[in-house]
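Residue-level structural notes
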Amino acid sequence: MAQVRNVVLDMGGVLMDADLAQVACKLCPDEQDAALLTRAVFDSREWGWVDADAISEQTLAWSSKLKVPDRLHSLVDHLVEHWHDEGLFDPLPGADELVRSIKDAGFGTYLLSNAGPAFSAYRDRIPGIELFDGIVVSCYERVVKPDPRIYLLLCERYGLDPTDCLFVDDLRRNVVGAERVSMQGYLYDGDAAALRAFLHEA
């Protein structure tokens, strides 16, 4: 195994709280309605298509409304427009310290995220955003993890050797995608101390 020289971090579930079901609950106090909204919006195929810039958020809202009662249509619009507002989609505790510790340890530090155009609205709230040596976001590239092309695009753009990159994500399928292009993979479970210890030994 090659020595790790660069750490590539996912955003949701590693740096930002990715529990979008809780976002729906905050915007819709009724538990059953919140579950309907979560399935219709966040668990839909169309949600991923927004990340790939294949459809607009307006199209996402339209398709989501087909899956819920009429009385929830206004909430669909509100959810699609505001899910990323401060207080709804926020940094995970300790995430800023995690990024800083990786950077301070001398690793190249990169962000690779599936995200839609709303990324620009919350970009400045991402922990350690100013410390990254490079950033690749799916909607600007029109390709999403775990497609091998997005990992290779990151490496080509920033002159990285995939074999000395450690890719950190909370979703196994995305870690597997990175490993398929010869990156080293780390499935993140929220334990920042364990990740730091792993890097110390890498």
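Everything numeric here is computed off the predicted structure, so don't read it as measured data.

Our focus in this paragraph is the pairing of strand β2 (residues 108–113). Most of β2 sits inside the fold, with six of its six residues counted as buried. Burial along β2 is two-sided: Gly 108, Tyr 110 and Leu 112 and Thr 109, Leu 111 and Ser 113, pointing in opposite directions, are all buried. Relative to β2, strand β1 (residues 6–9) is paired through four bridges, and the arrangement is parallel. Paired with Val 8 across the strands is Tyr 110, a residue of β2. In this structure, β2 lies alongside strand β3 (residues 134–137), joined through four bridges in parallel fashion. Paired with Leu 112 across the strands is Val 136, a residue of β3.

A word on the pairing of strand β5 (residues 184–187). Side-chain alternation along β5 places Gln 184 and Tyr 186 on a buried face and Gly 185 and Leu 187 on a face that remains uncovered. Judged from the four bridges that link them, strand β4 (residues 165–169) and β5 form a sheet pairing that is parallel. Note that in β5 the partner of Val 168 across the bridge is Tyr 186. Handedness of the β-α-β unit built from β4, helix α10 (residues 172–179) and β5 comes out right-handed.

Turning our eyes to something else, we now look at the sheet that holds β2. Read across the open sheet, the five strands follow the order β3-β2-β1-β4-β5; overall the sheet is parallel. A single partner strand is all that each edge strand has here, and the edge strands are β3 and β5. Here the strands of the sheet are splayed against their neighbours by 20 degrees on average, with no regard to which way each runs. With respect to the sheet, helix α11 (residues 192–201) is in contact with β1, β4 and β5, its orientation differing from that of β4 by roughly 170 degrees.

Criteria and cut-off values
- Residues numbered from 1 in each chain as written.
- Predicted model: local features only at pLDDT ≥ 70, side-chain atom pairs only at ≥ 80, totals over all residues.
- Heavy atoms only, no water.
- Buried < 20%, exposed > 50% of the residue type's maximum accessible area, 1.4 Å probe, protein only.
- Helix = DSSP H or I, 4+ residues; strand = E, 2+ residues; numbered from the N terminus.
- Pairing = 2+ DSSP bridges.
- Right-handed = clockwise from strand over helix to strand, strands pointing away.
- Axes fitted to C-alpha atoms, helices over the stretch in contact; angles between N-to-C directions.
- Contact = heavy atoms within 4.5 Å.

None of this, on its own, says anything about what the molecule does.
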